[in-house]
Each structure stands twice: as structure tokens, then as C-alpha cells.
Amino acid sequence: MKFGTKAVHAGVEPDPSTGAIMTPIYQTSTYVQEEPAKHKGYAYARGANPTRAALQKSIAALENGRFALCFSSGMGATDTVIKLLNAGDEVITGNDLYGGSYRMFKRVYERLGIRFHFIDLTQAENIKNHINNKTRLIWLETPTNPLMNIVDIAACTQIAKQHNLLVAVDNTFASPYLQNPLDLGADIVMHSVTKYLSGHSDVIMGALVTNDEKLHQELAFIQNSCGAVPGPQDCFLVLRGIKTLHLRMERHCLNGRKIAEYLQSHPKVGKVYWPGFPSHPNHEVARRQMRDFGGMLSFTLKDDDVEKAKTVMKQVKVFSLAESLGGVESLINHPASMTHASIPREERIKNGLTDTLIRLSIGIEDAEDLIDDLKQALDQV
Ligand SMILES: *Cc1c(COP(=O)(O)O)cnc(C)c1O
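Residues numbered from 1 in each chain as written. Predicted model: local features only at pLDDT ≥ 70, side-chain atom pairs only at ≥ 80, totals over all residues. Heavy atoms only, no water.

Q: A description of the sheet that holds strand S12 (residues 358-361) should follow, citing residues and the corresponding values.
A: Pairing is mixed in the open sheet, where five strands are placed in the order S8-S9-S12-S11-S10. Sheet topology places strand S8 (269-273) and strand S10 (320-321) at the edges, where each strand pairs with a single neighbour. Bridge analysis of strand S9 (residues 296-301) against S12 gives four bridges, and the strand direction is antiparallel. Its bridge partner lying in S12, Phe299 is registered against Ile358. (Pairing = 2+ DSSP bridges. Helix = DSSP H or I, 4+ residues; strand = E, 2+ residues; numbered from the N terminus.)

Written out as C-alpha cells, the structure reads:
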């Protein structure tokens, strides 16, 4: 089945008791059993819920995976992967990560004895310099947030396989419409479902997808033991959102391209970070592993003045100044003080995340209106 058909149909069967075409919101905490330990696969809703089960099937299908688990947040999903490890184990990850992942690794799990190497993953070969007999996991994100660096997933998984390491890919920025890491050899795909999969800025949720049944069972065991499960109402909203994922992504990509090109030609704009430009350092890798370049981009002003960058962010009217991304509405964000404020300034600047960087999540409005909005805001600096 092709992607759009899967987005509309996968996981959703007519409800067995009524024929309802949409999976109902099974708002229940427990299920009545016929006799002790004899039930229809549902015992208690931390373990399983039919609305959640339908959504998990849908997300698994979109990622070409066999198993998916949904979580109460993206961080809840990431947390579950790290809990596969033991004290003393080591993880290799990128130096340009989602701020919340960096914070969890650094401030929660280093304290519990897991060591993280934050390295430049844009050259997959770099991984080899950090592998030792304690290494267990490579955690990567591509395109990266907010610098839009591209990591070669297939090259990383090849190195990982030689050393028996797990590879987990945070696929939030690309969405399954643009990129399927399991097809490139990854073991686990993680999503902040909050973003493109949900798509309407009204849910916080995470997901993990894998093809390996044993790994899936381990993750499900940790989830049921630790409890980061989503509610059925949120699962319903995401099931609904996914039905238009392919249409939304087409427009996100089209608008993203138009705005990247507009900003690139604007005399007041410094650098535009967007993997669709042939001048992007890993453009060829992006072309190989992604179907298009998405709706996320970042830029700086030629005049590297933080007050001017703040003026742009305050003057926009169609864009909203907010954290998050991947919704139908366009957002503007200042990573240094918002999404990435938890990364120490020296670390940030060393990795290229400057104080004047502006990140855009391009929505599905009319591109002309978005461009006019950026134009009038840039006219004021
Ligand atoms: C938002 C985000 C997360 C965290 O997900 P939540 O749903 O907010 O917990 C992780 N990775 C990336 C790339 C994100 O954008």
C-alpha cells in the first residue's frame, strides 16, 4: 500500500460492536474478565487500550515497522529507550540534539551512571572514534534541531552493526512521510507525535517503532512498568490527524521551499539552514534518505544583533512566537532563549547555535501570506 492509503486506513477497522468507521474513544481504565485471567487481550488500560492499539498499528504501518508503542510524550518514549541500558553503559549521540533530549541525557541519566558522547554525527566515521566495549546505543536525530544538519542514517547503522550496537533515530523533524529509518537499518524509530503526526498543536504524545519482536517486548515491559501511557482521547485525535498527514506534509514541503528561497535572496538575511539547497553540506545524503526537505528551517540576520532578531520575532503577525513545530499553523522560535535554553551557552555556540538564530516551523497557510509577513517584519530591522 502507498503512503496516503496507509495514512487513511492503516490500523482503523470498523468497530466490532457497532460498525463505527472511526475507532471509538475507549474511555475506560479496566476491562471485565470472563473468569480470572481470561479476557479479550485487555486487562488494565496502562497495558493496553483499543483506541491506542489502533493508533499504534497506524504508526507502525507508516514507518514500515511491525510494532509501535505510543507514550504520554516524546520524552516518555525516549526515556523508555534509555531504560534499556544499565549503569556503566555508554551512548553515542549528536552534538546538535533536541534540547529536552540533551537535558534528559545530561541531567537525569548521567547521574544514574550512563555516559553520553555528544559528537558531530554529520560525518558517520566519527562514531568509530568513540566506540568502546561499554558502548550500547547510538541515538541520532536528522534533520537536526535547529541547525538542520543531516546525518547519514544508513552509514551510521552500518558502523553500529559491526559493533552490535542499537541505533535509535528521532524521526520527529522528517515525519514518516519523508524518511523511514527502519528501512535504512535502524532498530528503533522515535517520534514526538506532538509534532507532524498529530499535526494540529493539540496533543502531547510520543511513539517508538521497531521490527524486532524481542526489542518491542522489552520496550513494552518498561512502558507498562514505568507508566508513560497516553490517554484514549489523545489517541483518537492523533488517529484523526494522521489521515491528512500526506496532504499536510506536501504543503509543508512546498511552503518550506518557497520560504527558504525567499529568505536566501533577502538582503538582510545571513545564512539560511535548509537541507534542500545544493550548497547544504549533506544535501546529497538528504536527497538519498528523504523524499523531500520538509517544513523546518532556520536563519540568521546578516547583522548578528540579538535585538534585531527579537524584533523580527515580535513583529510577525501570521507566524506565532511559540515553541513546538509540525502543526498546521506557522511558528517562529528563538532557540537560544526558548527550545534550547537548557544547553549551556558555550556548548551551544561551539556547535553553531548562535544567539541570533531564528527557527521557523512552516505551516500549511498560503505561502504568499507567510512571505508577506516575513517581509514586513524584516523591513522593521
Ligand atoms: C518535541 C521534540 C521532542 C520531545 O517530544 P515531546 O512530545 O515534547 O515530549 C523530541 N525530539 C524532537 C526532535 C522534538 O522536536
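Moving on from the coordinates now.
Q: Requested: an account of empty space enclosed by the protein, with residues and values cited.
A: Applying the stated rule across the entire model yields one cavity of 30 Å³ or more. Here the largest cavity defines a volume of roughly 110 Å³. Asn95, Asp96, Leu97, Ile343 and Asn351 are the residues nearest the centre of the largest cavity, which is lined by 13 residues in total. The residue inventory of the lining of the largest cavity, partitioned by class, reads six nonpolar, four polar and three charged. Each of domain 1 (3-242) and domain 2 (245-378) accounts for three or more of the residues forming the lining of the largest cavity. (1 Å grid on protein atoms, 1.4 Å probe; cavity = no way out; pocket = protein on both sides within 12 Å on 5 of 7 lines; lining within 4 Å. Points joined across faces, edges and corners; volume = space filled by probe spheres on them. Nonpolar A, V, L, I, M, F, W, Y, C, P; charged D, E, K, R; others polar. Domains from an automatic or database assignment.)

Q: Explain the layout of surface pockets to me, and be specific about the residues and the numbers.
A: If you add up the space inside the largest pocket, you get close to 630 Å³. Along the wall of the largest pocket there are 29 residues; nearest its centre are Tyr42, Asn49, Pro50, Ala53 and Ala54. The set of elements that each furnish at least two residues to the lining of the largest pocket consists of helix H2 (50-62), strand S1 (67-71) and helix H7 (213-226). Looking at the lining of the largest pocket, the element that brings in the most residues is H2, giving seven residues. Of the residues in the lining of the largest pocket, the class split is 14 nonpolar, nine polar and six charged. Lining of the second largest pocket is provided by 32 residues; of these, Tyr98, Ser192, Thr194, Lys195 and Ser324 occupy positions nearest its centre. The set of elements that each furnish at least two residues to the lining of the second largest pocket consists of helix H3 (74-82), helix H4 (99-109) and strand S6 (188-192). The dominant element in the lining of the second largest pocket, judged by the number of residues it contributes, is H4, at four residues. Grouping the constituent residues of the lining of the second largest pocket by class yields ten nonpolar, 14 polar and eight charged. Taken together, domain 1 (3-242) and domain 2 (245-378) each give at least three residues to the lining of the second largest pocket, which thus spans both.

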